[in-house]
Each structure stands twice: as C-alpha cells, then as structure tokens.
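# Chains, contacts and geometry: an overview
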Amino acid sequence: MNRYTLAVLVRNQFGVLNRLTSMFRRRQFNISSITASETESGEYSRITFSFDGEENGKVQLVNQLYKLPDVCSIKELTANNSLSCELMLIKLKNDPATRDEIHAAAEAFKAETIDYTKDSIVLRVIGNSAKMDDFISHMRDHTILEICRTGTASIEKGSATLRQNLNL
Amino acid sequence: MQLCGADILVKTLIEQGCDTVFGYPGGQILNVYDSLYKYQNEINHVLTAHEQGAAHAADGYARTTGKVGVVISTSGPGATNLVTGIATAYLDSIPMVAICGNVPTTQIGTDSFQEIDITGVTLPITKHNYFVSDVADLADTIREAFRLAKSGRPGPVLIDVPKDVQIAKCEYEEQPPVEKDDPFAAKNVRIEEAAKLINSAKRPFIYFGGGVITGDAQNEVLTLAEKIDAPIGCSLMGLSAIPTDHPRFLGMQGMHGHYASSMSMHNADVIISLGVRFNDRVTGNRTKFAMGAKIVHVDVDGSELNKTVNSVCGLRGDVKLTLQKLLPMLNAEAKPTWMETVAAFRVEEESYLDNREGLTPRRAILTVNKYLGENTAVCTDVGQHQMWSAQNLKFRTARRFASSGGLGTMGYGFGAAIGAAYGTGERSVLITGDGSFGMNLNELATAVRYNVPVVVVIMNNGVLGMVRQWQTLFYDKHYSNSVLERKTDFAAFAKSFGADGEAVTSPEELDAALGRAFAYEGPYIIDCKIDKDEFVLPMLPPGGSMDDIITKLEVEL
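Described below are features of the structure shown in this document.

Calculation notes
- Numbering of residues starts from 1 in each chain and follows the order in which that chain's sequence is written.
- Throughout, the order in which chains and ligands are written sets their labels, letters from A for the former and numbers from 1 for the latter.
- Per-residue local features of the predicted model are confined to residues with pLDDT of at least 70, and side-chain atom pairs are confined, for both listing and counting, to 80 or more; whole-chain, interface and lining totals are unaffected and use all residues.
- Side-chain figures throughout are based on the complete set of non-hydrogen atoms in the structure, without hydrogens or water.
- Helix numbering and strand numbering both begin at the N terminus, where a helix is a DSSP run of H or I of at least 4 residues and a strand a DSSP run of E of at least 2.
- The rule is simple: take the accessible area with a 1.4 Å probe, protein chains only, and divide by the maximum for that residue type; under 20% is buried, over 50% is exposed, in between is partly exposed.
- Here the accessible surface of atoms and residues is derived via Shrake-Rupley with a 1.4 Å probe, and residues count as covered only by protein chains that are part of the display.
- In this description, strands pair whenever DSSP reports at least two bridges between them.
- Contact definition: two residues touch when any of their heavy atoms are within 4.5 Å.
- Fitted lines through C-alpha atoms serve as axes, helices being fitted only where they are in contact, and the angles separating the N-to-C directions of these axes extend from 0 to 180 degrees.
- Computed over the protein atoms alone on a 1 Å grid, cavities are sets of points where a 1.4 Å probe fits but cannot get out and pockets are open sets with protein on both sides within 12 Å along at least five of seven lines; a residue lines them when it has an atom within 4 Å of a point.
- Grid points are joined across faces, edges and corners, and a volume is the space filled by probe spheres set on the points.
- Residue type decides the class: Asp, Glu, Lys and Arg count as charged, Ala, Val, Leu, Ile, Met, Phe, Trp, Tyr, Cys and Pro as nonpolar, and the leftover types, Gly among them, as polar.

## A word on the overall build of chain A
Scanning chain A for helices and strands turns up four helices and nine strands. Reading chain A from its N end, one meets helices and strands in the order β-α-β-β-α-β-β-α-β-β-α-β-β. Summarising its shape, the C-alpha atoms of chain A cover approximately 60 × 35 × 30 Å along the three principal directions. Counting over 168 residues, chain A shows a buried share of 42%. In the form shown here, chain A has an accessible surface area of approximately 9,300 Å², with 49% of it arising from carbon and sulfur atoms.

## Focus on the sheet that holds strand β17 (residues 428-433) of chain B
Residues and elements named next belong to chain B. Read across the open sheet, the six strands follow the order β16-β15-β17-β18-β20-β19; overall the sheet is parallel. Edge strands, defined here as strands with exactly one partner in the open sheet, are β16 (401-402) and β19 (500-504). In this structure, strand β18 (residues 454-460) lies alongside strand β20 (residues 524-529), joined through six bridges in parallel fashion. Bridge pairing in β20 links Val455 to Tyr524. Sheet strands touched by helix α18 (residues 413-424): β15 (378-380), β17 and β18. Its angle to β17, the strand with the most contacts, is close to 175°. In the packing of helix α23 (residues 507-519) onto the sheet, the strands contacted are β17, β18, β19 and β20, and the crossing angle to β20 comes to about 170°.

## Quick notes on empty space enclosed by the protein
Over the atoms, a rolled probe matching the size of one water molecule traces out where space is still vacant. Residues and elements named next belong to chain B. Summed over the entire model, instances satisfying the criterion amount to two cavities of 30 Å³ or more. Taken as a whole, the largest cavity encloses approximately 100 Å³ of empty space. Looking at the largest cavity, it is lined by 15 residues, and the ones nearest its centre are His266, Val282, Thr283, Phe289 and Met546. Contributions of two or more residues to the lining of the largest cavity are made by α12 (259-267) and α13 (280-283). Residues belonging to the lining of the largest cavity are distributed by class as follows: six nonpolar, eight polar and one charged. In this structure, the second largest cavity occupies an estimated 90 Å³ of space. What lines the second largest cavity is simply Leu372, Gly373, Glu374, Thr376, Val378, Lys394, Phe395, Arg396, Thr397 and Arg400. Per-class residue counts for the lining of the second largest cavity are three nonpolar, three polar and four charged.

Now the structure itself:
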C-alpha cells in the first residue's frame, strides 16, 4: 500500500466537496486526509487529499474524479515535485512532573506554546505529516487532552500551477 | 423578453428540441404545468400513473430515438419516485434530464411539506445535478444539463427548481439547441499499438456493448470484422446494433449468453472490446476470464479501462472515430482455421437448442418474432423472460431493443414500452414476466388513456422464475417467497382498465392472439402460460468460468 497525494482544482460551487467525498465513499476509496480551501481565484476551490492504495486504484480514482463536471484539474504531488506541510494544535495536561519533558520535546520539534494555563498547555506544530505523527507518539507518554490537525497542504515546486492544465 | 421561470423552463425544453415529456404534476411544480398548458401546441406532455413509469418512459423514448428523454415531477415523493428510473438510466448510460419542483428557497432546509433533498439523494446516480436558486441561471442550467446528458458517455442529469424560481421573472432569449461535446478519437500512439496487436491475432473476437449503439458505430464494427475475419459477440446492452442473422454475429455472451459466442470469446487470443464495461454478469470469475486472450479495449469513458479486467491496450475515445482511424492500419487476412473452430461451436450450440413442442419460452419468443416489423421496438422487464428475449429475439435495427441491463430493474418495461411507442411512432412490444409486470402494471392506465399501441406478452409461470432457477440450482430447492400464488386474471385486468387481452396455452393460440394484438388499436395483453420450471440456459454459474457452463438441465425437479 502506498500513499498518494492529489491536488484537485474544482469549480467553487455549493456542495462541491460533497460531490467528491460522495464518490470516494461509494467507490470505497480509502482517503486518509483531505483539505479544502478557496484559492487565488474566486472561481475555483482547491482540494488536496491523501489516498492509501495501489497504483491501479489511484488511476481509477483520478479517472473517476475527471468524470465529475466540477473537477477542473488534477495533479499528483510527490515528495520530489512538491512541498507539503501540515499544522497541528495539541493540548496537553500541565503536570509539574512532566512539564519539563514536554517543553524539551517541543523545543526539539520547534513547536510553539500558544496557550498556557495551570492545567493545560497548547502547542502548535508545523511540518510534514510524519513529523506530526512522531511528535504525537512522544506525547503519548503524557496526557493528551485534545488534538486538531489541518491535513496536508501541498503545492508544486517551481512556477507550474494547477490552473495551467484546466480540463474544461 | 421577460418571462417567469416556469415559462423559461418550458421554452428552453422546446428550444432544445424536446417534443415529448413524461411526468406527473404536484404542488411544487404547478407553475411549470401551467406553462405546459400554455405551450401545449409546441410540447406534448404524457401523464403517467406513477412517476417511476414516467422516468422509464423517458428512458424508453431516449433509447429508441437517441435523443435526451425528459421527465418532470413534483417535489418530495414525486422526486423520490423517479429514483429507480434515474438509476436505471445511469447504469445503462441513457441520456435523460429529470426536472423536479421543490419548496420555495426560503423554506429549503426546514423540512417543509413534501420537501426532499433530491440533489443529495440522486448524487450517486446522476452524471451531475443542479439546484437552481436564481431564475437568471435557469435557462443556461437546462442547456448545460442537455449538453452533459448527451456528451461523451451519456447519462441522466437532474435539475431541482424551487417554486419561487418558477415564479420569478427574468429576461429569456431563445438559443439554438446545444451540441454535444465534439467526440474525439483515441491517441494515435494507442491506436498504432492496438493495430499491431490485432494484426498479430490468430483468433480475434469482437465484443461490443451499448457504446456501439450510442456511438452509432455498427457499420465500423462490421467492416472491422470483415477485414480481420473475426466473429462478433455482444453484451445485453449491445443487442440490436448488429442484425441477428448477420453471418458473423454470434449473439449475446455472458452468464446466459449464446454458447458459440461465449466459447469463441473464451478461446480468442485477442478480444477487441468496444464500448463495453466487462460487468460481472459477462466475465464470471474474473481471474479465469479469457485467460489466453489479450484485450484491446476502446471506451469513451477512460475510467472503464482496466476497471474490472486488465487490458493490454486501453484506448480512451469515441468508438466510431477510433475505429475509423484504426481500420486502415489493419491487415485484411482470412483466418480459415479460426472460422472453422467458430463454426464448430455453432454446430454444438445447435445441439443445445430447446426444440420441445408446446408453449416453451423459446417457441413463444420465436412466435413474437413473426410479428416484428423493422421499426418495432421490443422492451423487456427483468428476469428469465428478459434472457429468453435476448437469446431468441430477431433484431434488425439498432435502437429497437430496450432492457434494463446494468441495474436490472423489474418494472422497467411497461413505462419503457410506452416511451418507445412515442419514440418510434409505432406499436411497441413488451415482453415481461408475471412478477415484473406486477410491479408497474398501473401504467396500463396511461397506455389506455393515450391509446398507445403496446403489445404486452406476459410469460406467466406463477413464480419469480429467475429466483426459482437460482433456488433450484444453488439453494436446495427452497422456494422461499418466489411462488406468487396470485389469482390475477390478466385478460380481465386488461378489460377493466379499458384495454383488451386474452390468455393462451399453446403456440398456435399465441400466434392467433398476436395477430389480434397487432391489429388492435391500443394496448393488448397476452397472458402466455408457461411452466414454472423452465430454465434459462446456457448458464454460467455466478463466479464461474467457461469450464462450469451449464448447457443442459440435469437437475431432478
């Protein structure tokens, strides 16, 4: 099983995210992360998602996506051709016994403390998904109160853009 | 000119070349029906007994004409009643536009009376759907829906129009009918690869489906077969594209396909598949399917390539244009050894034919054949009668067979036969079973009201025959809920609805009854009594391969 990241430019229409996720669900594609946002143009939204599966599954997924009239452009993003990053907010129990260890780990991961009370610490971590996973596994030794991750944002290296190959 | 949304809707349908629509009125679509009243000289509306019947009628109309079928319903239950009809069209790639009313936009999302999120409900069974929230978008939305419905791989598109949008006014300007997107041939490099593979074939087999009818490519298919000396088979959806008595045509193949067709495909070294999707009813066990063959696959929908069966050469493109480019690259070569093998399969198939006396299913269909004109559309429901029809009907003209292939919708046939009669302007034939017919027999009221000439032949065995066949073969003859034990007198039923009908028990009686039916003005029902333990043969057991084919009934009944 491989992880693939696909960036999809869609018409910025009401319910468009639902059209994509409905297709993923009914064809049982295994989507592990999804982000949707507005773009440089009001006409389009950008949806980035990760898919776990085999090569032929990915080809089928891309073909099915192209059949949705709202899909304008699709690009597969790989570690070589793109830059990816994710943001995580993690809330931990503020316990005097473990406070120093948390701070040491946060420093090593360049995590920033953005909220601090006598009962809790909220850290902000930015980086690739593997880094988030590592940080979470370190924090499992302590008491995690809450985690919120944005999902991966990915963009191609260089001057190429998704809008350059619109499929209209 | 300033018009209200309802007028714009009807004017745009007329502008798009739509002359007949099927539907059923209700509270949230009343404004559109008022406009249909206003423009009744330009557009004909057929009122059915149930919205499902209307959707199937639009489907039957689309299959027989190649045009976009249009169905109109109100909100809520009217809209949900369309669902099976839309799904049927979706699975068989039939161009359709479904228009539903809805509660005013101000009430959307408040669970108003007869409010349903029909765009949500139909998301997985439409090519696309629209919720129109502004009357200014209405005409262009309908135009885009028509374009989408008929472009590429056709399919149904739904438009949900809230009542206030039907009332609101805006400027309307008539436009010419939208053209479908320009068809494109597959890439040259892929066509060259395909040509190389086909030129190397010793035992080529052409296997085509509904895409050849949609793409109007039957002549190219025949030219291809002649040039490379190949036999031709098809899926259920491909039936009628090639005349049944064409010497190269071996008929349908798959679970209940013709023996020679299935065997030739199984023994081919190159299978040229055109506008088909290798459904499980065709392939059986996919790991054992045509193991010795390399598959060339042409389809306008790229997602069909390598979806269920891996092809060596997948060509995404219009089948007609792609074949036109491919044909000059092929070597004309006779393959006498292969044709001898195919001929031997045909001889073997002859020996399996059911030649029993009496009113057997095969004799019944062969008798119907005598009455079919070149332009007569035959529709079926789903089950044993559908397979007997597919195996034994004599097809002469493309688009003169309509059957629910992908979804397998029992109850499809009557609505479709009404739509087909409108589509062809001629008498249509419905071959059905007592189970299927029971699902939507209410549409007899429609056929009577509009005096639609539909000859209904009910293969009446008192059981759900296909279910019974599986229960006999795979469920230890536990006939769980498949014995109907009804007391319906179909001839009396026909008369009570204002039609006519009769029951028959022999081929001679059937012949005479068909003579009366084809002379009758309006719908006519023939209740054709057959035995409850008739089988559809041959049969490839589900998940089986050609080694498991059942050609003769050896079950103790």
